[in-house]
Amino acid sequence: MITDHVIARWRLRGQQLVRPHAPTVIDAVENLLAVQAENPGQSAWAVASRTLEPSRSEVRSALDDGRLIRTHVLRPTWHYARAEDIGWLLELTAPRVRRTTESQLLGPHGFDDRALDRATAAVVEILEDEPDRTRIQIAEGLRERGVETDGQSLMILLAHLELDRIVCSGRPLGDEHTYASYAERVPNPRRLDRDEALAELALRYFTGHGPATERDLTYWATITVSDARRGLGIAGERLASFEHDGRTFWHAPADPPRGRGQPAGHLLQILDEMYRGYQDTRWALDAAGIVPRARESAIGMALVDAQLVAAMRRTVTSGGVAFRLFPHRHLRPRELTELRRASERYGDYLGLPATLELA
């Protein structure tokens, strides 16, 4: 019998958070098509945690050599995507997202078309002179060229230029994000016509994130329901589906998981694809309905057997990483053991001792 809990377990397996994991970070991102990457440190773990041997250096290496790109795509926030996928993804999804950045630049931040063209030309010139510039370095270069921006307007300007395929992520400077020319970092983008792109989007989303609904896809990729249905109409023969709770759920052809996967405990950021990858059916993570549906918490989440059992706050210092849990219900000893193992996995990833305590 299909239940919300079965769906959540299925997603955990499809997203490679339980064994078998992805061989590499590139494989993990390829499986999900894109991974939200607003916070570089947390999102690097979101990718690494899906691999056989989580490594801090592997994500950095993939960003450094351009196999992974961190840029604004799908929604008005950063995502990791493979260089092979970023071109057609931007071409397909950027026009709707671009309306948001353009309205902010031409509205609250006081740009007009002429000022936007001037700022764009200045950013291009700065990155041609020297690529891999941080946002602070770009701001300094703009001031030298007579273009004044504040922190917020510059952030939106750069996101706008990312959506226009003018800039994207450069080689990291320490732990700091940098920008470079899109043409330099993605010299041979894969091109798909619109129907091919919609089909690829549907196939890859439901393979990596399924079971999920068409409305989950429309949220994730900022596309219309008609576009989601168009993609499903073309790719649907390579997917399977079932009806549950008045909705159609699509997924890669496979049987539902039997029992809990391993590892059974997970300590994840609220931006992880297990949560942020859905909207219509996000709360399969809470089949018992114990989590308050109040304003979304900014802290992380603790899962046991694919179910939300606590909110989580993580503190990292040079001496170690400390997890503090805020339970949604009583946690049994076995559940705490699973979550301690999850904290130790993260500590091993950082090379630091890890502790876990209840609030």
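A word on the pairing of strand β2 (residues 68-72)
Phase 1: Taking burial as the measure, the five residues of β2 include five buried ones, the bulk of the element.
Phase 2: Because side chains alternate across β2, one face comprises the buried residues Leu-68, Arg-70 and His-72, and the other comprises Ile-69 and Thr-71, equally buried.
Phase 3: Where β2 meets strand β3 (residues 78-82), five bridges bridge the pair, whose relative direction is antiparallel. Counted as the bridge partner of Arg-70 is Tyr-80 from β3.
Phase 4: Hairpin geometry of β2 and β3 is characterised by an intervening segment of five residues between the two adjacent antiparallel strands and by a positive phi of about 75° at Leu-74.

Regarding helix α4 (residues 56-64)
Phase 1: Among all positions of α4, only Val-59, Ala-62 and Leu-63 are buried. For α4, the arc enclosing every buried residue in end-on projection is 100°, short of the 170-degree limit, so these residues lie on one face.
Phase 2: In this structure, the buried side of α4 is in contact with α2 (25-32), α3 (40-48), β2, β3 and α9 (182-185).
Phase 3: Two residues or fewer after α4 comes Gly-66, characterised by a positive phi angle close to 85°.

Here we look at the pattern of salt bridges
Phase 1: In total, this model carries 29 salt bridges according to the counting rule given.
Phase 2: Linking Asp-164 and Arg-98 is a salt bridge whose minimum nitrogen-to-oxygen distance equals 2.6 Å. Of this pair, Asp-164 sits in the loop between α8 (151-163) and β4 (167-169) while Arg-98 sits in helix α5 (residues 83-106), and the two are 66 residues apart along the sequence.
Phase 3: The exposure class assigned to Asp-164 is partly exposed, which follows from its relative accessible area of 27%.
Phase 4: A salt bridge links Arg-133 to Glu-130, with the nearest nitrogen and oxygen atoms 3.5 Å apart.
Phase 5: Three or more residues are tied together by salt bridges with common partners; here these are Glu-30, Arg-82, Asp-85, Arg-190, Glu-200 and Arg-204.

With respect to the packing of aromatic side chains
Phase 1: Inspection of the entire model under this criterion finds nine aromatic pairs.
Phase 2: A centroid spacing of 5.1 Å and a plane angle of 75° characterise the contact between Tyr-205 and Phe-206, whose relative ring orientation is edge-to-face.
Phase 3: The class for Tyr-205 is buried, based on a relative accessible area of 0%.
Phase 4: Residue classification places Phe-206 among the buried positions, given a relative accessible area of 0%.
Phase 5: Chaining the aromatic ring pairs together yields one cluster made of Trp-45, Phe-323, Tyr-346 and Tyr-349.
Phase 6: When the ring centre of Trp-78 is taken as origin, the NZ or CZ atom of Arg-70, which lies over that ring, is 4.2 Å away.
Phase 7: Above the face of the Trp-283 ring, Arg-293 is positioned so that its terminal group lies 4.0 Å from the ring centre.

Conventions used here
Within each chain, residue numbers correspond to sequence positions counted from 1 in written order. In view of the model being predicted, local features appear only for residues whose pLDDT reaches at least 70, and side-chain atom pairs are presented and counted only at 80 or more, with totals across whole chains, interfaces and linings using the full set of residues. The side-chain values count all of the structure's non-hydrogen atoms but skip hydrogen atoms and water molecules. A simple rule labels every residue: compare its accessible area, found with a 1.4 Å probe on the protein chains alone, to the largest value its type can have, and call it buried under 20%, exposed over 50%, or partly exposed in between. The numbering of helices and of strands both runs from the N terminus, where a helix is a DSSP run of H or I of at least 4 residues and a strand a run of E of at least 2. The pairing criterion for strands is at least two bridges between them, as found by DSSP. Working definition: the arc comes from the directions between the helix axis and the C-beta atoms, pointing outward to the latter. Residue contacts are counted whenever heavy atoms from the two residues lie within 4.5 Å of one another. By definition here, a salt bridge exists when the distance from a side-chain nitrogen of Lys or Arg to a carboxyl oxygen of Asp or Glu is within 4 Å. The pairing test for Phe, Tyr and Trp rings, Trp by its six-membered ring, is centres within 6.5 Å, and the orientation test on the planes gives stacked under 30 degrees, edge-to-face over 60, and tilted for anything in between. Look at NZ for Lys and CZ for Arg. If either is within 6 Å of the ring centre and within 35 degrees of the ring normal, a charge sits over the ring.

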